[in-house]
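A closer look at the structure
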Amino acid sequence: MSVPRRVLLMPVLLLAGCSGPATVPAGAPATSGPAATGPAVPAACAERLETGRLPDWADAGFTGDTRVRHVFGTGGDIVAILFAYPLVHARGDGANNKILWVARPGRSEPAPRTPLVITATRDGTDTPVVREVAGGPGPSIVDLPAAGCWRLRLDWSGRTDTMDLVYRPASG
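These lines cover the structure that appears in this document, whether it is placed above or below.

Conventions and cut-offs
Residues numbered from 1 in each chain as written. Predicted model: local features only at pLDDT ≥ 70, side-chain atom pairs only at ≥ 80, totals over all residues. Heavy atoms only, no water. Pairing = 2+ DSSP bridges. Helix = DSSP H or I, 4+ residues; strand = E, 2+ residues; numbered from the N terminus. Disulfide = S-S within 2.5 Å. Buried < 20%, exposed > 50% of the residue type's maximum accessible area, 1.4 Å probe, protein only. Core = buried A, V, L, I, M, F, W, Y, C linked by side-chain atoms within 4.5 Å.

Points about the sheet that holds strand 10 (residues 159-168)
Pairing is mixed in the open sheet, where 5 strands are placed in the order 4-10-9-6-7. The sheet is open, and its two borders are formed by strand 4 (87-88) and strand 7 (128-133), each paired with just one other strand. Here strand 6 (residues 116-122) pairs with strand 7 via 6 bridges, running antiparallel. Each bridged residue has a counterpart across the sheet, and for I118 the counterpart in strand 7 is R131.

So, in structure tokens, the structure goes:
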């Protein structure tokens, strides 16, 4: 006589290592949209792309339940709102790599407004590229010289934050 076998299914949890911070800055909403599609991003890249509502301090000019792609600085003091996505190296489609930079309001007396200085270094290199947004955080078009993961140091009005942004190659 044959005894029926029971198969126990055990859930398997796969953990992938990542080099970026595991926490979201205070006031930052959790990611609520699907992951971006496109070429794989190097594992060392810590771009924290989110698709969801912006925090109150960054949503001026947006109405209702607007959801937009954005990346928070690791310190939570600035957010890059990506109007062009994906960001593309050497765009040939007539579009721009438009980014709106919004800084969290200062907690003390406002510092004089200075340009937003972006010092970008592509992952795997040590040669920085500098871009500047006149007048400080605000609308910009930021083109970088190659595809890849770019580590950005952002300096403005006596403040500093960092983030990673991915620029993809232009599609054929």
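What follows continues from the structure just given.
Some thoughts on the state of the cysteines
According to the stated counting rule, one finds 1 disulfide in the structure shown. The disulfide partner of C45 is C149, and the S-S distance across this bridge is 2.2 Å. Judged by the sign of its S-S torsion, about 75°, the cystine formed by C45 and C149 is right-handed. Note that C45 is positioned in the segment before strand 1 (49-52) and C149 in strand 9 (residues 148-156), a separation of 104 residues in sequence. For the residue pair C45 and C149, the accessibility class agrees, reading buried in each case.

Let's talk about the nonpolar core
With 24 residues, the main nonpolar core has I99, W101, L152, L154, M163 and L165 as its most contacted residues. Secondary structure elements with two or more residues in this core: strand 3 (78-82), strand 5 (98-103), strand 6, strand 7, strand 9 and strand 10. Broken down by element, the residue count for this core peaks at 4 residues, all from strand 9. In terms of nonpolar packing, the next biggest core, distinct from the first, is built from 9 residues, W57, V68, V79 and I81 among them.

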